[in-house]
Each structure stands twice: as structure tokens, then as C-alpha cells.
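Survey of secondary and tertiary structure
Next come the chains, spelled out residue by residue.
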Amino acid sequence: QMAQQENAALASDPAVVLPLTSNFSFEDLCLQAVARVNSPKVENNFLKGCKWAPDGSCVVIASEDNGLRIFNTPWTVSESTEMSPAVEFFEGETLYDYAWFPLMSSYDPATCCIASTTRDHPVHLWDATTGDLRCTYRPYNHLDEIFAAHSLAFSTDGSALHCGFKNCVYTFDVSRPGRDCEIARTYDRKRGQKGIVSALAASPLGLLACGSYSRSVGLYSSDHTLVSLVATPGGVTHVRFSPDGTYLFVGCRTDNTILAFDTRDMTTVLSSFPRLSYTNQRMYFDLTPDCHFLVTGNRDGTVSVFDTWAALTQGGAVEPLLKFAAHEDSVHGISLHPHAPLLATAAGQRKFDVDPEYRDDSRADDAGEAECDSPSAGQDNSLKIWSCSRPESDAASAQ
């Protein structure tokens, strides 16, 4: 009854347009499967995030050995389940970003593909069922040289592939590989959004969010017109729209907060979500399909869960509903299953062997961070799948 009253209160608020059902419950988490990634080429093969496929049939991870590995979704609950990759393929250089084709369905092999961008290479489109390279999208600079995109995002209908570069965004027609593309300048003649476009996200409302390492995030219309531009505390590493496209969530490097904006008025921050992320590493976060919960990882190996509905109605800084220990290393990869109550977490980070005499722990202490960037600290380069299903009694009462 209390949950129904809270839902009714949220529904009566015209400023919040969100669905009022959720299949996720983080109170009784259960570890469902684990995958540990080792490589003979790299001693510390830390992961670089994880992303569920749009149809939920598999999950992909990127790692320091320039590999992309795809694991089938484990539907059975067993802590001893050790997953092995169904498909794996490797890039020639450091991976910058990767993105699933949004209309991907395992029943249609033609849609099973994933795009990736790496240093000094064009954008590659891979077959997710065989690991073969399907095609390339080749961006050229003003010197007629191929240069690498720093970020990727498909349009919601899958017709376009947006690629982020310094002071510009290249948009390719997915059905036409090659060099033909549309170039939109984000910064020209000292106007606009300056810097490397480090994060991209497409909205179902037709907007494109561009985060920059120069501490800003901009909203662009379908004709590449700058709609709104706001400053951020640090270089943007991840942007995420709410499922209905009304709200935009922004994460920055060397900053311990996730910011929430209303896309209709970006002048003020609606709410902020604290986390331990004072690092240059890209720290992902994700939303449940109904936007009820926001989940993010922390550098101390924990995962924080926030009530997004309450945060967007109350405003200001909010505290997490709960925290749980997920890994023994920094948790930077977070992805929620699009249909089932499953959570994927990925851990690991680059570690440096620094002489204690030359270590500067003052910055880490001031930021509230743990000393987890040395080889002596816990090393956990693993992917974990967690079951977040609601108890049957709670699910029945919600219906």
C-alpha cells in the first residue's frame, strides 16, 4: 500500500512523466555467473565496461588486450557458473568506444552487429555471431588522412552512426559503409562546444547529447543545431538519456557526482548522485528500463543504487538506497538488462608500480578514495551477472 501511495504521488506530479512499474529489486541480490578474462599478451587485462545487447540475449565486454568478448546470457542461478565467451574478436589498437546496433535481435542475424572505434583506425562494424568484420566507416580529416573517433552512438532507429571527434561529429549512413558522411562542427569561429567529443547518446525525441573533455555537454537537434550548452565539473565520460528522452544524466572524470538535467531546461541541475569516481577512467552508469533506479559503480569495489523517481521530484543531492560489495577492484562497468532483472558489473583498472616515497596520497584522501591504483591492491578483472528479481509476493502486490 505504501508503494502504491508513493506511485500515485509521483503520477500526480505533472513534471515527472515516468512509468510506475519496476521488475528490479536490489534488496535480495544473487550472484548468477562470473567471467574472468585473462590474456597471454597483457599481464593486467582489466576490463573497459560491459553492455547488454538490445535484445538481452548476450553481453559484451571490452578489455585492455584490445578484445571484445561476447557472453550468452546465463538464465540459471548458480554462484559456481563460470562463463566462457561465445564469440571474441580483437582490434589492432587501443579501444576507445563500442556500441550495439540498437535494433539487434538474435532471431535476425543481419542485425547482430556491434561497432567499435580504436586508435589510428576507422570505425569497424563486427558480426556479433561470428566475430567477422562486416565493414568499415572511414572518417577523413582536413589532410585527407583517416583518424579515429573517440566516441560512438547509433541513432535510436539504427539508420545513422554518430562518431565524436575534436570539435566535430561525423554521421554515417549505416547502410552505406565507406567515407561518405555528414560533418557537423560543434565548435567553429570561437563559437559552440569546444574540445574532443568524448561521449555520445541519442534520444528517442531526436536529440543528440555530446559530452566534451573540455568540461561541457551540449544538446543538438536532428539538423545539428546547438539547442543547449552547459558546463560540467570535469571532462564528460558518459551521457545517458532517460528511456523517454526527457532527462539527461551526465558523468565526468575526476568528479564524484552524476548530474541529472531536464532536457527542456538545461540551465539548472535537477539532482546529483554521489559516487566514488575521482579517476580519469570512464565510469559507466545505467538506468532501469522504467527509470526507477540508477546504478553506478565505485572505485572501492562497491555498487550504489539510487531511487531516480524520488531524486527527480525532490531535487538536490540524494543518498543511495543501498550499497553492496561487488568486486575487489574498481567497478567501472555497469549495465542493466533491457527486459529481465539482471545486472552486469565489470571491474579492473590500470595499475602503476609507484615507489611509496613518491606517492602523493593527499589527493586521494581529500577525495575520499581508497588506495586502489597500485599493483599491491586487489586485482579483480572480472564480469559478474547479478539477479535482481523481486520476491513473488512483492511482484504480486505491485500488479
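Each value, and the rule that gives it
- Residues numbered from 1 in each chain as written.
- Predicted model: local features only at pLDDT ≥ 70, side-chain atom pairs only at ≥ 80, totals over all residues.
- Heavy atoms only, no water.
- Helix = DSSP H or I, 4+ residues; strand = E, 2+ residues; numbered from the N terminus.
- Buried < 20%, exposed > 50% of the residue type's maximum accessible area, 1.4 Å probe, protein only.
- Core = buried A, V, L, I, M, F, W, Y, C linked by side-chain atoms within 4.5 Å.
- Pairing = 2+ DSSP bridges.
- Axes fitted to C-alpha atoms, helices over the stretch in contact; angles between N-to-C directions.
- Salt bridge = Lys/Arg side-chain N within 4 Å of Asp/Glu carboxyl O.
- Disulfide = S-S within 2.5 Å.
- Phe/Tyr/Trp six-rings, centres within 6.5 Å; stacked < 30°, edge-to-face > 60°.
- pLDDT = per-residue confidence, 0-100.
- Contact = heavy atoms within 4.5 Å.

**Considering the side chain of aspartate 329**
Within the secondary structure layout, aspartate 329 lies in the loop between strand S28 (322-325) and strand S29 (331-336). The exposure class assigned to aspartate 329 is buried, which follows from its relative accessible area of 1%.

**Here we look at the nonpolar core**
Among the nonpolar cores identified, the biggest contains 18 residues, and Val123, Tyr137, Leu152, Phe154, Leu161 and Cys163 are the most heavily contacted of them. Listing elements by their share of this core, those giving two or more residues are strand S7 (113-118), strand S8 (123-127), strand S9 (133-137), strand S10 (151-154), strand S11 (160-165) and strand S12 (168-173). In terms of nonpolar packing, the next biggest core, distinct from the first, is built from 17 residues, Ala62, Leu68, Val87 and Trp126 among them.

**Quick look at the sheet that holds strand S16 (residues 197-202)**
Spatially, the 4 strands line up as an open sheet ordered S16-S17-S18-S19, and their pairing is antiparallel. Each having just a single partner strand, S16 and strand S19 (226-231) make up the two edges of the open sheet. Recorded for the sheet is a direction-independent mean angle of 15 degrees between the axes of neighbouring strands. Where strand S17 (residues 208-212) and strand S18 (residues 216-220) come together, 5 bridges link them in antiparallel fashion. Counterpart to cysteine 210 in the pairing with S18 is glycine 218.

**Notes on the pairing of strand S6 (residues 95-100)**
In terms of burial, S6 is a largely internal element, 5 of the 6 residues being buried. Here 5 bridges tie S6 to S7, and the two strands are oriented antiparallel to one another. Pairing of aspartate 97 across the sheet is with threonine 117, part of S7.

**Some points on the pattern of salt bridges**
Using the criterion set out here, one finds 13 salt bridges in the structure. For the salt bridge of arginine 134 with aspartate 127, the shortest nitrogen-to-oxygen distance reads 3.3 Å. For the salt bridge of aspartate 286 with arginine 240, the shortest nitrogen-to-oxygen distance reads 2.9 Å. Linking aspartate 286 in strand S24 (residues 285-287) with arginine 240 in strand S20 (residues 236-241), this pair joins segments that are 46 residues apart in sequence. What makes aspartate 286 buried here is its relative accessible area of 8%. Residue class for arginine 240 comes out partly exposed when judged on its relative accessible area of 23%. Connected through salt bridges with shared partners, the residues Lys48, Glu64 and Arg350 form a single ionic network.

**Describing the sheet that holds strand S31 (residues 382-387)**
Spatial ordering of the open sheet is given by S1-S31-S30-S29, a layout of 4 strands whose pairing is antiparallel. Since the sheet does not close on itself, it has two edges, and those belong to strand S1 (30-36) and S29, each with one partner. Taking each pair of neighbouring strands and ignoring which way they run, the sheet shows an average axis angle of 20 degrees. In terms of strand pairing, S1 meets S31 through 6 bridges, oriented antiparallel. Within S31, the residue paired with valine 34 across the bridge is lysine 384.

**Here's the deal with the state of the cysteines**
The final tally for this structure, using the stated rule, is 0 disulfides. Unpaired in this structure, cysteine 112 has its nearest cysteine sulfur neighbour in cysteine 58, at a distance of 7.3 Å.

**Notes on unusual backbone geometry**
Trans is the prevailing form of peptide bonds, just as negative phi is the prevailing case for residues other than glycine. Positive phi outside glycine occurs at threonine 254, with the angle close to 50 degrees. By the secondary structure assignment, threonine 254 is in the loop between strand S21 (247-252) and strand S22 (257-262). When its relative accessible area of 27% is taken as the criterion, threonine 254 is described as partly exposed. Located in the positive-phi region is cysteine 291, a residue other than glycine, with phi close to 65 degrees.

**Examining the packing of aromatic side chains**
Overall, the coordinates contain 11 aromatic pairs when judged by the stated rule. Centre to centre, the rings of phenylalanine 24 and phenylalanine 26 are 6.1 Å apart; their planes meet at 20 degrees, and the pair counts as stacked. Under the relative-accessibility criterion, phenylalanine 24 is labelled buried at 6%. Since its relative accessible area comes to 6%, phenylalanine 26 is described here as buried. Between phenylalanine 101 and phenylalanine 154 the ring centres are 5.7 Å apart and the planes differ by 90 degrees, which places this aromatic pair in the edge-to-face class. In this pair, phenylalanine 101 is assigned in the loop between S6 and S7 and phenylalanine 154 in strand S10, connecting sequence segments 53 residues apart.

**What to know about the confidence of the model for the protein chain**
On average, residues of the protein chain score 86 in pLDDT, and 84% of them reach the 70 mark or higher. Across residues 1-21, confidence stays below pLDDT 50; counting only partners more than four residues off in sequence or on other chains, it has 25 contacts. Counting interchain partners and residues more than four positions distant, the pLDDT-below-50 stretch residues 393-399 has 2 contacts.

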